[in-house]
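What follows is each chain in one-letter form.
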Amino acid sequence: MSAVPLKTIDQSRPQQERVVTVLGATGSIGDSTMDLLRRGRDRYRVAAVTANSNVDALAKLAREFEVEYAAIADPTRFDDLKAALSGTGIACGAGEVAVIEAAARPSDWVMAAVSGAAGLKPALAAVDRGATVALANKECLVCAGEIFMQRALAAGAQVLPADSEHNALFQALSSGNREELTRVIITASGGPFRTWSVEQIEQATLEQALKHPNWSMGQKITIDSASMMNKGLEVIEAAHLFALSPDEIDVLVHPQSIIHGMVEFSDRSVVAQLGAPDMRTPIAHCLGWPDRIPGPAARLDLAAIGQLTFEVPDLKRFPGLRLAFEALRTGGGAPTVYNAANEIAVAAFVDRKIKFGMIARLVEATIETAVSNGSAKAPTTADDALAIDHNARNIAATLLPQIAAKAS
Ligand code: NAD
Ligand code: MG
């Protein structure tokens, strides 16, 4: 049959078993990843899994997937993990070093889905040995993006964006060249407070912040979605992943979360990736890459959805997004401080120590202090970035009572 030629799979390429590692296997992204691996048991072998403190969930996965190594970050849980794995022959370890060890062990593909800057060193251990790294953990790119991408380049590690918006951009970018790219557009659901007033957002409770309209995710990212700090982190993530300037990145509120990202090219074509809001789609793209594997998400039924709508993000009601663009323009260690202060602010909000509206104020005050006292210089090594992160956490913790007192 004569037709326009389409790219085809090279059938002569041997279909080898893929050995995989899942960092943060017990979380929301970890769960979606294990679901895909379960569906492809004949194609994947799991070398190592890690978790923070949930020994039972980790041991269950380790046994089910007959892994070689399981690591728990909480050092006090080592004996429990050993007991839970006794008789299986599965090696195990505890503490930060054990999580790094899990990442450093040989495998072809690594899902980096630890939450927060705590995921930086393990993700770097995977990058340094040249693994293909599916990166969900955006905080580690915001904390040390330049260093992370440089080390990936040096080791020949392929970084695959697992975050839905960046995965969409990655897919859309393949239809043009860098020189032809004029802008990328990251969509945002707008979160549970999209239509709320400043006053309502200020007083929002933890329960309200945890009610995301479209996505089911871990606690931290759900709160970040409500404050739109998540979109801010994603703007910085996109800048590092694709070497973009802040002017090349636009954010568009799209409450249905069907279009995940778009790329505009010089001919004014805009290429978008669409799909039901199910993280198993971008993760499946990373897992199958450079081919595609069957995905379990619901098929997209646009007629049933009926309408896709769009709004400009309101930087007054969502200052967290404004602060991300400012941190990116300030450069140096400002994005590192932005992320660290946000982690402290979210933890304080979860502990009901501060009101929702104070999250962005604490982040802004921390950045101001760190920039003015010279502790937000550009990090040159991962340890440098983690030192800036550590220092910013201290600044945020010091400022926290003042900010909380001012508001009450
Ligand atoms: P989660 O809280 O559900 O899971 C986090 C995982 O990391 C768990 O396995 C936990 O045990 C582990 N962990 C937490 N702290 C740790 C520490 N200090 N040391 C070692 N392990 C630790 O989070 P999640 O929603 O799965 O998100 C994981 C990452 O993926 C985050 O960076 C998030 O921003 C990103 N992400 C998540 C989604 C989503 O839909 N959930 C979408 C895009 C990006
Ligand atoms: Mg996202």
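The structure we're discussing is the one just above.
Residues numbered from 1 in each chain as written. Chains lettered and ligands numbered in written order. Predicted model: local features only at pLDDT ≥ 70, side-chain atom pairs only at ≥ 80, totals over all residues. Heavy atoms only, no water.

1. A short note on the nonpolar core
Core analysis: the biggest nonpolar cluster contains 91 residues, and Phe148, Tyr338, Ile354 and Phe356 have the highest contact counts within it. In this structure, Ala59, Leu81, Leu85 and Ala136 belong to the second largest nonpolar core, which totals 38 residues. (Core = buried A, V, L, I, M, F, W, Y, C linked by side-chain atoms within 4.5 Å. Buried < 20%, exposed > 50% of the residue type's maximum accessible area, 1.4 Å probe, protein only.)

2. What about the sheet that holds strand β4 (residues 91-94)?
Strand order in the open sheet formed by seven strands is β4-β3-β2-β1-β5-β6-β7, with parallel pairing between adjacent strands. Looking at strand neighbours, the two that pair on one side only are β4 and β7 (159-161), the edges of this open sheet. Averaged over all adjacent pairs, the angle separating strand axes in this sheet is 20°, with direction ignored. Relative to strand β2 (residues 44-51), strand β1 (residues 18-23) runs parallel, the two being bridged by five bridges. Paired with Arg18 across the two strands is Tyr44, which belongs to β2. Contacts from helix α2 (residues 55-64) reach β2 and β3 (69-72) within the one sheet, and its direction differs from that of β3 by about 170°. (Pairing = 2+ DSSP bridges. Helix = DSSP H or I, 4+ residues; strand = E, 2+ residues; numbered from the N terminus. Axes fitted to C-alpha atoms, helices over the stretch in contact; angles between N-to-C directions. Contact = heavy atoms within 4.5 Å.)

3. A look at helix α6 (residues 138-155)
In this model α6 runs just 20 Å from its N-terminal to its C-terminal C-alpha over 18 residues, more than 12% under the 26 Å that 1.5 Å per residue would give. Its maximal kink placed at Ala144, α6 deviates by approximately 105°. Turning to α6, its buried residues are Lys138, Glu139, Cys140, Leu141, Val142, Cys143, Ala144, Gly145, Ile147, Phe148 and Ala152. Immediately downstream of α6, the backbone of Gly156 shows phi near 70°, a positive value. (Expected span 1.5 Å × (residues − 1). Bend = angle between axes of the 7 residues up to and from the residue.)

4. Section: a nonpolar patch on the surface
A grouping of Leu274, Leu300, Leu302 and Ile305 is seen on the molecular surface, where their side chains present a nonpolar patch of about 280 Å² in accessible area. Tracing the chain through its elements places Leu300 in the loop between α12 (280-288) and α13 (302-305). The class of Leu300 is partly exposed, set by a relative accessible area of 34%. (Patch = residues over 30% accessible without salt bridge, like charges linked within 9 Å, V, L, I, M, F, W, Y side chains within 5 Å. Areas by Shrake-Rupley, 256 points an atom, 1.4 Å probe, with all protein chains shown as cover. Salt bridge = Lys/Arg side-chain N within 4 Å of Asp/Glu carboxyl O.)

5. Concerning the pairing of strand β9 (residues 249-253)
Of the two faces of β9, the one lined by Ile249, Val251 and Val253 is fully buried and the one lined by Asp250 and Leu252 carries no buried residue. Where strand β8 (residues 181-188) lies against β9, five bridges are found, and the strand directions are parallel. Directly across from Ile186, in β9, lies its bridge partner Val251.

6. A few points about the site of ligand 1
Close to ligand 1 lie 22 residues; Thr26, Ile29, Asn52, Glu139 and Gly218 are nearest. Here an oxygen atom of ligand 1 and a side-chain polar atom of Asn137 are 3.2 Å apart. One of the backbone N or O atoms of Gly218 is found 2.9 Å from an oxygen atom in ligand 1. Compared with its free state, where it exposes 820 Å², ligand 1 has 85% of that area covered by protein. Those elements that provide at least two residues to the shell around ligand 1 are α1 (28-39) and α6. (Near = heavy atom within 4 Å. Polar contact = N/O pair within 3.5 Å; in protein donor to acceptor, adjacent residues only side chain to side chain.)

7. Remarks on the coordination of the magnesium ion (ligand 2)
Coordination of the magnesium ion (ligand 2) by the protein comes from Asp163 (OD), Glu165 (OE) and Glu234 (OE), over a distance range of 2.0 to 2.2 Å. Motif for the magnesium ion (ligand 2), donor spacing along one chain: D-x1-E-x68-E. Within this pair, whereas Glu165 is found in helix α7 (residues 164-173), its partner Glu234 is found in helix α11 (residues 229-241), the two being separated by 69 residues in sequence. Side by side, Glu165 and Glu234 carry an identical accessibility label, which is buried. (Donors = N, O, S within 2.8 Å, 3.2 Å for Na, K, Ca; no water.)

8. Describing the sheet that holds strand β11 (residues 270-274)
Pairing in this open sheet of four strands is mixed, and the strands run β9-β8-β10-β11 from one edge to the other. The open sheet terminates on both sides in strands that have one partner only, identified here as β9 and β11. Going across the sheet, the axis of each strand differs from the next one's by a mean of 20°, ignoring polarity. Where strand β10 (residues 259-265) meets β11, five bridges bridge the pair, whose relative direction is antiparallel. Bridging from a neighbouring strand, Val263 pairs with Val271 of β11.

None of the figures reported here should be taken as evidence of function without further support.
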